Amino acid sequence: MVKNKIVYKGSVALEEYVLAGNRISILEGVLLFGVSNPYEAIRGLKKKGFSIKKTPVAMAKILTRINKNYKVEKPKNLPVSDIIMHEWWVSK
């Protein structure tokens, strides 16, 4: 039996990432933190009293941000400039 084992969840990492001043999208929540429902992590921050802002952005912007650290390729015919997603951040 393991006592005092620290469990570090992807949702905690996602929250820390956003609280550090970064913007997050659903795609990044899944790819970078393994969070199957990033919406829930964002709602959790709201419930804790943080002011969360949201804006629509092109999927191309999100893929560009992801590709600064990781290699993600889109399907050849996917119009990523036309697909609109959302990103969230903590308002200061």
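Our structure's up above, just so we're on the same page.
Remember, it's a predicted structure, so these values are computed and weren't measured experimentally.

J.: Describe helix α3 (residues 38-47), naming the residues involved and giving the relevant values.
T.: Listed as buried for α3 are P38, A41, I42, G44 and L45. Taken end-on, α3 shows its buried residues confined to a sector of 155 degrees, consistent with a single buried face. Looking at the packing, one finds that the buried side of α3 touches α1 (10-19), β1 (24-25), α2 (26-33), β2 (52-58) and β3 (84-90). Phi turns positive, to about 100 degrees, at G49, one or two residues after α3.

J.: Quick one: what's the story with the sheet that holds β2, residue by residue and with numbers?
T.: Read across the sheet, three strands follow the order β1-β3-β2 without closing on themselves; strand pairing throughout is antiparallel. One side of each edge strand has no neighbouring strand; the edge strands of this open sheet are β1 and β2. Where β2 and β3 come together, seven bridges link them in antiparallel fashion. Note that in β3 the partner of V57 across the bridge is M85. Set on the sheet, α3 makes contact with β1, β2 and β3; between it and β2 the angle comes to about 150 degrees.

J.: How would you explain the environment of N69 if you had to name every residue and give the values?
T.: Take N69: it is sitting in the loop between α4 (59-66) and β3. With 37 residues separating them in the primary sequence, N69 and L32 have C-alpha atoms 9.9 Å apart.

J.: Hey, could you go over the side chain of S25 for me, with residue numbers and the actual values?
T.: Mapped onto the fold, S25 is located in strand β1. According to the relative accessible area criterion, S25 is buried, its value standing at 1%.

J.: Just give me the short version of α1, but keep the residues and values in it.
T.: Those residues of α1 not exposed but buried are A13, L14, E15 and V18. Close packing links the buried residues of α1 with β1, α2, α3 and β3. Once α1 finishes, G21 follows within two positions and takes phi at roughly 105 degrees, a positive value.

J.: Describe the pattern of salt bridges, listing the residues and the values that go with them.
T.: If you walk through the whole model with that rule in mind, you get seven salt bridges. Between K48 and E15 there is a salt bridge, with the nearest N and O atoms lying 2.8 Å from each other. Linking K48 in the loop between α3 and β2 with E15 in helix α1, this pair joins segments that are 33 residues apart in sequence. Since its relative accessible area comes to 54%, K48 is described here as exposed. Note that E87 is salt-bridged to R65, the shortest N-O span being 2.7 Å. Of the two residues, E87 sits in strand β3 while R65 sits in helix α4, which places them 22 residues apart along the sequence. For the pair E87 and R65, a shared accessibility class is recorded, and that class is buried.

What counts, and where the lines are drawn
Residues numbered from 1 in each chain as written. Predicted model: local features only at pLDDT ≥ 70, side-chain atom pairs only at ≥ 80, totals over all residues. Heavy atoms only, no water. Buried < 20%, exposed > 50% of the residue type's maximum accessible area, 1.4 Å probe, protein only. Helix = DSSP H or I, 4+ residues; strand = E, 2+ residues; numbered from the N terminus. Arc of directions from axis to C-beta. Contact = heavy atoms within 4.5 Å. Pairing = 2+ DSSP bridges. Axes fitted to C-alpha atoms, helices over the stretch in contact; angles between N-to-C directions. Salt bridge = Lys/Arg side-chain N within 4 Å of Asp/Glu carboxyl O.

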